[in-house]
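Commentary on secondary and tertiary structure
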Amino acid sequence: MSKLTGTATAAVRWVGAEIAPIVLLPLAAVLVWVSVWKVWLPSPDAGTPSRRSVTLAIVLLVLGVGAAVIGVFHDRLRRIELSRTGLTVALTPPERDGLGALVERLAQKGASSAKVAEAIRRYLDTVQSKRPAHVKGLTAENGGGLTAAQAHALAERIADETV
């Protein structure tokens, strides 16, 4: 019985962490379908005139595509925020230290800016994939990410593989 309870708890956590694509991708499909097949295309009945509304079709299409993009990239949108003051990456303090160590090591090695950008992308992707499902949606202040040792080990591994 406890194994079933653990599986159900894990399923609830997964659904909670992945609620954005579960809701947004079907919504996007419905919006695109309605905009194309119900609004834009003419009626199959020869006796009734087509009531096409270009504006409504475009609005529904934009909403559908926007919902699909948010559904697909929801993990990245939660982790990176672009505002008027600059770029903010949501990391815990140990993860930030690890990222700083990675950039410092690459600067000491004289890595090009393209190599540094690729290493940062790999670091952020790995940090995101190693976080438990219940932590992925939380902000950096709530903690729960990688430990300092794990973050520095990851930074050293990526720095050694880069350059």
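Right, let's talk about a nonpolar patch on the surface for a bit. Among the surface-exposed residues, Trp33, Trp37, Trp40, Leu41, Val54, Ile58 and Val62 lie close enough to one another that they form a single nonpolar patch of about 720 Å² accessible area. You can see Val54 is positioned in helix α3 (residues 54-72).

Each pair of packed helices can be summarised by the angle the axes make with each other and by the distance between the axes. Helix α6 (residues 113-130) packs onto helix α5 (residues 93-109) with a crossing angle of 155° between their chain directions and a minimal axis gap of 10 Å. Overall, the two elements α5 and α6 adopt an arrangement that is roughly antiparallel. Crossing hand, α5 versus α6: right-handed. On the side of α5, the interface is formed by Pro94, Glu95, Gly98, Leu99, Leu102, Val103 and Leu106, while α6 contributes Val116, Ala119, Ile120, Tyr123 and Val127.

So, on to α5. Here α5 is 17 residues long and its end C-alpha atoms lie 24 Å apart, about the 24 Å a rise of 1.5 Å per residue gives. Among all positions of α5, only Glu95, Gly98, Leu99, Leu102 and Leu106 are buried. In an axial view of α5, the angular spread of the buried residues amounts to 100°, which keeps them on one side of the axis. Across from the buried face of α5, at angles greater than 90 degrees, the exposed residues are Ala107 and Gln108. Turning to α5, the residues buried within the fold contact α6 and α8 (148-161). With its phi angle positive at about 80°, Gly110 sits one or two positions after the end of α5.

By size, the foremost hydrophobic cluster in this structure holds 16 residues, and its most contacted members are Leu102, Leu106, Tyr123, Val127, Leu154 and Ile158. Those elements that provide at least two residues to this core are α5, α6 and α8. The residues contacting Leu102, other than those within four sequence positions of it, are Ala119, Ile120, Tyr123, Ala155, Ile158 and Ala159.

On to α6. Owing to its 3.6 residues per turn, the α-helix brings residues three or four apart onto one side. Between its terminal C-alpha atoms α6 stretches 26 Å, which fits the 26 Å expected from 18 residues at 1.5 Å a residue. Of all the residues in α6, the buried ones are Val116, Ala119, Tyr123, Leu124, Thr126, Val127 and Gln128.

With 71% of its residues at a pLDDT of at least 70, the protein reaches an overall mean of 77. Confidence, read as mean pLDDT per element, is least for helix α7 (residues 133-136) in the protein (50) and greatest for α8 (90). When the criterion is pLDDT under 50, residues 135-142 qualifies, and its contacts beyond four places in sequence or with other chains add up to 12 contacts.

Inspection of the secondary structure assignment puts Val62 in helix α3. The exposure class assigned to Val62 is exposed, which follows from its relative accessible area of 55%. As for Val62 and Ala28, which are separated by 34 residues in sequence, their C-alpha atoms are 9.5 Å apart.

What follows concerns the environment of Leu31. For Leu31, the location among the structural elements is in helix α2 (residues 19-40). Each C-alpha atom, one on Leu31 and one on Leu61, is 6.6 Å from the other, the two residues being 30 residues apart in sequence. Contact partners of Leu31, with chain neighbours within four places excluded, come to Leu60, Leu63 and Gly64.

A few words on the side chain of Thr126. Tracing the chain through its elements places Thr126 in helix α6. On the basis of relative accessibility, which here comes to 17%, the residue Thr126 falls in the buried class. Polar contacts involving the side chain of Thr126 include one to the main-chain carbonyl oxygen of Arg122, which spans 2.7 Å. Excluding residues that lie within four positions of it along the chain, Thr126 makes contacts with Leu154 and Arg157.

Criteria and thresholds
- Residues numbered from 1 in each chain as written.
- Predicted model: local features only at pLDDT ≥ 70, side-chain atom pairs only at ≥ 80, totals over all residues.
- Heavy atoms only, no water.
- Patch = residues over 30% accessible without salt bridge, like charges linked within 9 Å, V, L, I, M, F, W, Y side chains within 5 Å.
- Areas by Shrake-Rupley, 256 points an atom, 1.4 Å probe, with all protein chains shown as cover.
- Salt bridge = Lys/Arg side-chain N within 4 Å of Asp/Glu carboxyl O.
- Helix = DSSP H or I, 4+ residues; strand = E, 2+ residues; numbered from the N terminus.
- Axes fitted to C-alpha atoms, helices over the stretch in contact; angles between N-to-C directions.
- Parallel < 35°, antiparallel > 145°, perpendicular 65-115°, else oblique.
- Left-handed = near helix turned anticlockwise from the far one by under 90°.
- Contact = heavy atoms within 4.5 Å.
- Expected span 1.5 Å × (residues − 1).
- Buried < 20%, exposed > 50% of the residue type's maximum accessible area, 1.4 Å probe, protein only.
- Arc of directions from axis to C-beta.
- Core = buried A, V, L, I, M, F, W, Y, C linked by side-chain atoms within 4.5 Å.
- pLDDT = per-residue confidence, 0-100.
- Polar contact = N/O pair within 3.5 Å; in protein donor to acceptor, adjacent residues only side chain to side chain.

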